[in-house]
Number of protein chains: 2
Amino acid sequence: MNSKNPTPAVTAKATISGAEQSLEPLKLGTRLRQFRKQRDWTLEEASRRTGLARSTLSKIENDQMSPTFDVVQKLVKGLEIDIPQLFTKSNLPQNIGRRALTRHGEGTPHPTATYEHELLCTEISNKRMIPFKSVIRARDITEFGELVRHNGEEFLYVLEGAMTFYSEFYEPVSLSAGDSLYYDSGMGHACVSTSPEDAVIIWISTPNSH
Amino acid sequence: MNSKNPTPAVTAKATISGAEQSLEPLKLGTRLRQFRKQRDWTLEEASRRTGLARSTLSKIENDQMSPTFDVVQKLVKGLEIDIPQLFTKSNLPQNIGRRALTRHGEGTPHPTATYEHELLCTEISNKRMIPFKSVIRARDITEFGELVRHNGEEFLYVLEGAMTFYSEFYEPVSLSAGDSLYYDSGMGHACVSTSPEDAVIIWISTPNSH
DNA sequence: GAAATAAGTTTCCTATAAGAAATATTTGAT
DNA sequence: ATCAAATATTTCTTATAGGAAACTTATTTC
């Protein structure tokens, strides 16, 4: 991002702040000013890029008015900021510098009828990815009442054994150790082991946004 | 999400549409209506929850006006929708049912001075996670001019060998096969191999929102 | 340090967003 | 089908957003 970060040494323990989910009014104006300044743009420049009047921009930045949605869109386009960033309270709120380690076999067990999950790195929450290691117990697609589906995306990497990935829109595909797969988990899906030993995979899921 | 999805069989090949990043006006209204209907709420109900007038909601949903920013915020809060979801163009636009498979060793090579990356599942873009498999060539922290940092989060799982994870806010930590680590990648970080053979890891990164 | 230029703010006006109430439409009973 | 209740849309009014230009406040330049 910004270029002046010496940071050669590795020091200081982290100060991990707890997860905060407050509902503050969200200072849009201040935020926008940050972005503009960051890019070293003048109001004039910003006006040129967004197609909005200097005065309008000024008022917005000073929280003297609430822009309409299409103005917000012009802002976002023109100032090249992405919206989530705009809405998410502050840039580096709670998650700065946090870290979680899980030793081999030390994850949180979470067995189901068809999978034997081991949740990894659970001590931090609000993650953008949910990692786990799973033993695939299922041996036949019929063991799943219906295919699993939940909004989001998933990635899996086969650690041991062999398995078949069934999904709603594709033919079943066989995977073995070292193969990987990325898919939309909103599409119905299920895994079954095909090797003598149950297959073991690393599975990463994005948290479902509803 | 909605409950009536029989989907027992596994049929039909997918129609994977290409990555589209168009700059459409973004049908906010239609979108909102979707959300409201999904929850089976009446305009009255929505009005109660958001504190906005029924009429206002109606007009917004019918794209008859562009709501102000603070109204948008009330909507987001009241209708319990999260923003990325709202702004990311349509819920099931292009990404529905897409899938990518990468066979063992068939990823896209991407060598650097310190790592030997193999990008996985690259044929689909706009992913919410970027997976790769990496051989850690670095043998000493000094090989990194300065620690790597980029907004987002990362997860890694050690496949083979042993390594040490250096970071800005923590003491170095040693990992070996089977261990996993989740961290904020905005915090400076770097990996070095410590085993006779170079360590190999699965690495998943979230795309940097700037 | 004064004049000139550039950056930011305020004023004023017109277009439009937001709420209240009236009207229209849909849904569901009998 | 008919009526009634519920739900959605339209009208009407007022409060306010957004642009043009005047004004004020930094920054240069000489």
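Chain A has the name XRE family transcriptional regulator in an unreviewed UniProt entry, where Kiloniella laminariae is given as its organism.

Engineer: How should the overall build of chain A be read in this particular structure?
Structural biologist: A tally of regular secondary structure across chain A gives five helices and ten strands. For chain A, the proportion of its 210 residues judged to be buried stands at 48%. Sequence separation of at least 24 residues holds for 64% of the intrachain contacts in chain A that already meet a minimum separation of 6. Counting only carbon and sulfur atoms, one obtains 52% of the accessible surface of chain A, whose full area is about 10200 Å².

Engineer: Explanation requested: the layout of surface pockets in the structure shown.
Structural biologist: By rolling a water-sized probe across the atoms, one finds the places where empty space is left. Residues and elements named next belong to chain A. When its volume is computed, the second largest pocket comes out at roughly 290 Å³. Around the second largest pocket, the lining is made up of 14 residues, and of these Tyr115, His117, Phe132, Glu154 and Trp203 lie nearest the centre. It is strand 3 (residues 115-119) that contributes the most residues to the lining of the second largest pocket, three residues altogether. Here the residues of the lining of the second largest pocket sort into seven nonpolar, six polar and one charged.

Engineer: I would appreciate a short explanation of the environment of Phe165(B) in the present structure.
Structural biologist: Of note, Phe165(B) is situated in strand 6 (residues 162-167). Phe165(B) sits in the buried class, given a relative accessible area of 0%. Sequence-wise, Phe165(B) and Ala190(B) are 25 residues apart; in three dimensions their C-alpha atoms are separated by 6.0 Å. Excluding residues that lie within four positions of it along the chain, Phe165(B) makes contacts with Arg99(A), Leu156(B), Glu171(B), Pro172(B), Val173(B), Leu181(B), Tyr183(B), His189(B), Ala190(B) and Cys191(B).

Engineer: Sorry if this is basic, but what is going on with the packing of aromatic side chains here?
Structural biologist: Centre distance and the angle of the planes are the two values used to describe a pair of aromatic rings. As enumerated under the stated definition, the model contains ten aromatic pairs over all chains in all. Where Phe165(A) meets Tyr183(A), the ring centres are 4.6 Å apart and the plane angle is 55 degrees; that geometry is what we call tilted. In this pair, Phe165(A) is assigned in strand 6 (residues 162-167) and Tyr183(A) in strand 8 (residues 180-184), connecting sequence segments 18 residues apart. Measuring from centroid to centroid gives 5.1 Å for Tyr115(B) and Trp203(B), while their planes differ by 80 degrees, and the two rings are edge-to-face. Here Tyr115(B) is found in strand 3 (residues 115-119), whereas its partner Trp203(B) is found in strand 10 (residues 200-205), with 88 residues between them in sequence. With relative accessibility at 6%, the residue Tyr115(B) sits in the buried group. Judged by its relative accessible area of 3%, Trp203(B) falls in the buried class.

Engineer: Is there a simple way to explain the sheet that holds strand 10 of chain B in this structure?
Structural biologist: Think of a sheet as strands paired side by side through backbone hydrogen bonds, with each pair either parallel or antiparallel. Across the sheet, which stays open at both edges, the seven strands sit in the order 1(A)-8(B)-5(B)-10(B)-4(B)-3(B)-2(B) with antiparallel pairing between neighbours. Unpaired on one side and paired on the other, strand 1 (99-102) of chain A together with strand 2 (108-111) of chain B mark the two borders of the sheet. Sheet twist, expressed as the mean angle between neighbouring strand axes with direction ignored, is 20 degrees. Pairing of strand 5 (residues 153-160) of chain B with strand 8 (residues 180-184) of chain B, which is carried by five bridges, proceeds in the antiparallel orientation.

Engineer: What exactly am I supposed to notice about the pairing of strand 8 of chain B here?
Structural biologist: Regular strands show a simple pattern: their side chains alternate between the two faces of the sheet. Counting buried residues in strand 8 of chain B gives five out of five residues, a clear majority hidden from the surface. In terms of strand pairing, strand 1 of chain A meets strand 8 of chain B through four bridges, oriented antiparallel. If you follow Leu101(A) over to strand 8 of chain B, its bridge partner there is Leu181(B).

Engineer: How should the side chain of Glu154(B) be read in this particular structure?
Structural biologist: Mapping Glu154(B) onto the fold places it in strand 5. Despite its burial, Glu154(B) pairs with no opposite charge, the nearest such side chain being Arg128(A) at 11 Å. A polar contact of 2.5 Å, which involves the side chain of Glu154(B), links it to the side chain of Tyr183(B). Polar side-chain contacts of Glu154(B) include one of 3.2 Å to the side chain of Ser205(B). Residues contacting Glu154(B), with those up to four places away along its chain left out, are Met129(A), Leu181(B), Tyr182(B), Tyr183(B), Ser185(B), His189(B), Trp203(B), Ile204(B) and Ser205(B).

Engineer: Would you take a moment to explain the protein's contact with DNA strand D for this structure?
Structural biologist: Neighbouring residues of DNA strand D: 22 residues in total, closest Lys59(A), Met65(A), Thr68(A), Thr42(B) and Leu43(B). Each atom of DNA strand D within 4 Å of the protein was assigned to sugar, phosphate or base; sugar and phosphate come to 63%. In the model, a phosphate oxygen of DNA strand D is placed 2.8 Å from a nitrogen or oxygen of the Thr42(B) side chain. Measuring from a phosphate oxygen of DNA strand D, one finds a side-chain N or O atom of Ser58(B) at 3.2 Å. Looking at the surface near DNA strand D, the elements that each hand over two or more residues are helix 3 (54-61) of chain A together with helix 1 (28-38) and helix 3 (54-61) of chain B. Partitioned by chemical class, the residues of the surface near DNA strand D number six nonpolar, ten polar and six charged.

Criteria and cut-off values
- Residues numbered from 1 in each chain as written.
- Chains lettered and ligands numbered in written order.
- Predicted model: local features only at pLDDT ≥ 70, side-chain atom pairs only at ≥ 80, totals over all residues.
- Heavy atoms only, no water.
- Helix = DSSP H or I, 4+ residues; strand = E, 2+ residues; numbered from the N terminus.
- Buried < 20%, exposed > 50% of the residue type's maximum accessible area, 1.4 Å probe, protein only.
- Contact = heavy atoms within 4.5 Å.
- Areas by Shrake-Rupley, 256 points an atom, 1.4 Å probe, with all protein chains shown as cover.
- 1 Å grid on protein atoms, 1.4 Å probe; cavity = no way out; pocket = protein on both sides within 12 Å on 5 of 7 lines; lining within 4 Å.
- Points joined across faces, edges and corners; volume = space filled by probe spheres on them.
- Nonpolar A, V, L, I, M, F, W, Y, C, P; charged D, E, K, R; others polar.
- Phe/Tyr/Trp six-rings, centres within 6.5 Å; stacked < 30°, edge-to-face > 60°.
- Pairing = 2+ DSSP bridges.
- Axes fitted to C-alpha atoms, helices over the stretch in contact; angles between N-to-C directions.
- Lys, Arg positive; Asp, Glu negative; His and termini not counted.
- Salt bridge = Lys/Arg side-chain N within 4 Å of Asp/Glu carboxyl O.
- Polar contact = N/O pair within 3.5 Å; in protein donor to acceptor, adjacent residues only side chain to side chain.
- Near = heavy atom within 4 Å.

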